[in-house]
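# Breakdown of the fold
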Amino acid sequence: MMTSVTLDIPAARGETWGGPVEDKRGKLGVKDEDVALIRRVAENGDDDALARLYDRYAGMIYAMGLRYLRDRSLAEDLVQDVFTSVWHKAKSFDSSKASFMTWIYRVARNRTTDMDRKRRSRPRSAGSEPLTYLAGGEDTRNLAANIDVTEALSRLSPEHQEVLVLAYLEGRTQNEIALATATPLGTVKSRTTAALKAIRKTMLPEGEKR
Amino acid sequence: MSDHRRFEELLALRLLGELGHGEERELERHLAVCPQCREEAGALRLVHDELSGASVPTPPHLKDRVMANLPRRRWRVPGFLAAAALLVALLLGGVYAQFFGGTDTLAGEASLSPTELASGASGAVRLEETGSNLRVKLDVFGLPRLRSDEYYELWFVEGDERISGGGFTVDNEGRATVTMNAPSAADEYPAVGITREKSPGDPRPSLTKVLGGDLRRT
């Protein structure tokens, strides 16, 4: 059931343990940087690498928790559980099968489903501490039946994920993305447009456009 | 680049706040006469709004909490501090169990059988849901006595994967009754095992497994 770590960063890129990893252009894209970070977690138990992954993806997972669990405390627990799982399961990450973003999304989705099921099955006695639901009540959206924005993001190609993760999860400008990925600004702009169209296609099938 | 492709790019850049005044006016003029691009603008706006909510700032304390609770950090702790922390945890766990025990939901349990390294030993593990974590109640008997730099460690096992449930020591008769906390995902592991470890040691389990058993989820 466990698979060995399959990493696709060639040795020619000058990788060094514990330090920055750069490709021939001197910059790493999100995908390769994520792979380098999770490799450091898997092989060295490097908590600085995990902290960097936290900085990039914790906000996304916290947002998932708020959307589906509708409880800030549970959303925090979700973030903790997901990054604890990443810590433990780092060696099972296979970059030939999915991007890290897709992988961590699946971990978060499974954990969210599990937490939601446990929460629903647990009777709340009169003496128990009341749950602090957010606006919207308990009508938690059915995770399995919805293609939400994070799911749609996880289905994109790595190139499209990269520009949208940097733009929306990290709040970088197009120019900053071009610098961060050593990609011409014009390419970043056209790639962002294509990525938005691709994610729109996933989230809003033909006939649902507004 | 065709007109539509160019205006699609302008639409995307406008959503990202990266359109110059000249391009903005050019886009507005085009939208006024192009229903196809107006429809595209509406769809992209929906997607942009969803993406804008795809990440929200986490509470400031959360990162520290996540990092502080990574289970494998223990090998960086000096042995005497680890022993002191373990003692405090045992005492607190015992007090907590005494006052609040019996009110939580049973999540899983396992009977422990000995390996040839500890023939005559036995034990049981009980997992109880408590808030977002699991409480682990462990009873063991007849384990070999430990040297001063050794301890036993409980593991949750699935295939080649192990997560630690915590360390403990035994009395002169090889007995221990311990209450520990574990990540809530622990009850998803199908088996548990106990190994004999040396402190400070490798974060991975040693090969000296002394007890093991299948975890039955309830």
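Residues numbered from 1 in each chain as written. Chains lettered and ligands numbered in written order. Predicted model: local features only at pLDDT ≥ 70, side-chain atom pairs only at ≥ 80, totals over all residues. Heavy atoms only, no water.

We now examine the overall build of chain A. Helix and strand content of chain A: eight helices and zero strands. When the helices and strands of chain A are placed in sequence order, the string is α-α-α-α-α-α-α-α. Residue burial in chain A is summarised as follows: out of 210 residues, 53% are buried. A separation of at least 24 residues holds for 66% of the contacts in chain A among residues at least 6 apart in sequence. Of the roughly 9200 Å² of accessible surface on chain A, a fraction of 49% belongs to carbon and sulfur atoms. (Helix = DSSP H or I, 4+ residues; strand = E, 2+ residues; numbered from the N terminus. Buried < 20%, exposed > 50% of the residue type's maximum accessible area, 1.4 Å probe, protein only. Contact = heavy atoms within 4.5 Å. Areas by Shrake-Rupley, 256 points an atom, 1.4 Å probe, with all protein chains shown as cover.)

Of the residues lining the interface, 49 residues belong to chain B; the matching set on chain A comes to 51 residues. Carbon and sulfur atoms make up 59% of the surface buried where chain B meets chain A, a total of about 4800 Å² over both sides. Taken together, the connections running from chain B to chain A amount to six salt bridges. Where chain B meets chain A, there are 12 residue pairs in polar contact (both at pLDDT 80 or more). Those elements giving two or more residues to the side of chain B that touches chain A turn out to be helix 1 (3-15), helix 3 (35-52), helix 4 (60-68) and strand 5 (161-168) of chain B. Of the residues in the side of chain B that touches chain A, the class split is 21 nonpolar, 10 polar and 18 charged. (Buried area = accessible area lost by both parts, 1.4 Å probe. Salt bridge = Lys/Arg side-chain N within 4 Å of Asp/Glu carboxyl O. Polar contact = N/O pair within 3.5 Å; in protein donor to acceptor, adjacent residues only side chain to side chain. Nonpolar A, V, L, I, M, F, W, Y, C, P; charged D, E, K, R; others polar.)

Turning to the packing of aromatic side chains, a few remarks are in order. Residue and element names in this part refer to chain A. For the structure shown, the criterion picks out six aromatic pairs over all chains. Ring geometry for Tyr-54 against Phe-83: centres 5.2 Å apart, planes inclined by 50°, an arrangement best described as tilted. Within this pair, whereas Tyr-54 is found in helix 2 (residues 47-69), its partner Phe-83 is found in helix 3 (residues 72-89), the two being separated by 29 residues in sequence. Residue Tyr-54 shares its accessibility class with Phe-83, and that shared class is buried. Put simply, the rings of Tyr-57, Phe-93, Phe-100 and Trp-103 touch in pairs and so form one group of aromatic residues. (Phe/Tyr/Trp six-rings, centres within 6.5 Å; stacked < 30°, edge-to-face > 60°.)

Looking now at the confidence of the model for chain A. Of all residues in chain A, 71% attain a pLDDT of 70 or more, and the chain-wide mean is 75. Taken as a whole, residues 1-26 of chain A scores under 50 in pLDDT and shows 52 contacts with residues more than four places along the chain or in a different chain. (pLDDT = per-residue confidence, 0-100.)

All names here are of chain B. Mapping Glu-150 onto the fold places it in strand 4 (residues 150-158). Of note is the side chain of Glu-150, whose polar atom sits 2.8 Å from the side chain of Arg-196. Apart from the residues lying within four places of it in its own chain, the contact partners of Glu-150 are Thr-169, Arg-196, Glu-197 and Lys-198.

Turning next to the side chain of Asp-187 of chain B. Within the secondary structure, Asp-187 of chain B is located in the loop between strand 6 (176-182) and strand 7 (191-198). Contact partners of Asp-187 of chain B, with chain neighbours within four places excluded, come to Lys-118 of chain A together with Ala-107, Leu-127, Leu-134, Leu-215 and Arg-217 of chain B.

Let us now look at the pattern of salt bridges. Residues and elements named next belong to chain A. For the structure on display, the rule yields 30 salt bridges over all chains. Residues Arg-56 and Glu-170 are paired through a salt bridge, measuring 2.5 Å at the closest nitrogen-oxygen approach. Residue Arg-56 is found in helix 2, and its partner Glu-170 is found in the loop between helix 6 (158-169) and helix 7 (174-181); the two are separated by 114 residues along the sequence. Counted as one network, the salt bridges with shared partners bring together Glu-33, Asp-34, Arg-52, Arg-56, Glu-170 and Arg-172.

With that settled, consider the nonpolar core. Of all hydrophobic cores here, the largest spans 78 residues; its most connected members are Tyr-57, Phe-83, Leu-164 and Ile-199 of chain A. Sort the elements by how many residues they give to this core and helix 2 of chain A lands first, with 13 residues. When residues no more than four places from it in sequence are discounted, the contact partners of Ile-199 of chain A are Val-149, Ala-152, Leu-153, Leu-156 and Leu-164 of chain A together with Val-47 and Leu-51 of chain B. Listed in part, the 29 residues of the second largest apolar core include Ala-110, Ala-118, Leu-127 and Met-180 of chain B. (Core = buried A, V, L, I, M, F, W, Y, C linked by side-chain atoms within 4.5 Å.)

Moving on, we come to the pairing of strand 6 of chain B. Walk down a regular strand and you will see the side chains alternate between the two sheet faces. Residue and element names in this part refer to chain B. Judged by how many residues are buried, strand 6 sits mostly within the fold: five of seven residues are covered. As paired elements, strand 3 (residues 133-141) and strand 6 share seven bridges and run antiparallel to each other. Residue pairing for strand 6: Val-140 is matched across the bridge by Ala-176. (Pairing = 2+ DSSP bridges.)

Let us look at the pairing of strand 5 of chain B. Residue and element names in this part refer to chain B. Burial analysis of strand 5 places seven of its eight residues in the buried class, which makes it a mostly covered element. In terms of strand pairing, strand 4 meets strand 5 through seven bridges, oriented antiparallel. Its bridge partner lying in strand 5, Trp-155 is registered against Ser-164. Hairpin geometry of strand 4 and strand 5 is characterised by an intervening segment of two residues between the two adjacent antiparallel strands and by a positive phi of about 60° at Gly-159.

Here we come to the packing of helix 7 of chain A against helix 8 (residues 185-203) of chain A. Residues and elements named next belong to chain A. Packing of helix 7 against helix 8 brings their axes to within 9 Å, and their N-to-C directions diverge by 115°. Judged by the angle between their axes, helix 7 and helix 8 are roughly perpendicular. Crossing of helix 7 against helix 8: the hand is right-handed. Touching Gln-174, Asn-175, Ile-177, Ala-178 and Thr-181 of helix 7 are Leu-185, Val-188, Lys-189 and Thr-192, all from helix 8. Tallied by class, residues from the contact of helix 7 with helix 8 come to four nonpolar, four polar and one charged. (Axes fitted to C-alpha atoms, helices over the stretch in contact; angles between N-to-C directions. Parallel < 35°, antiparallel > 145°, perpendicular 65-115°, else oblique. Left-handed = near helix turned anticlockwise from the far one by under 90°.)

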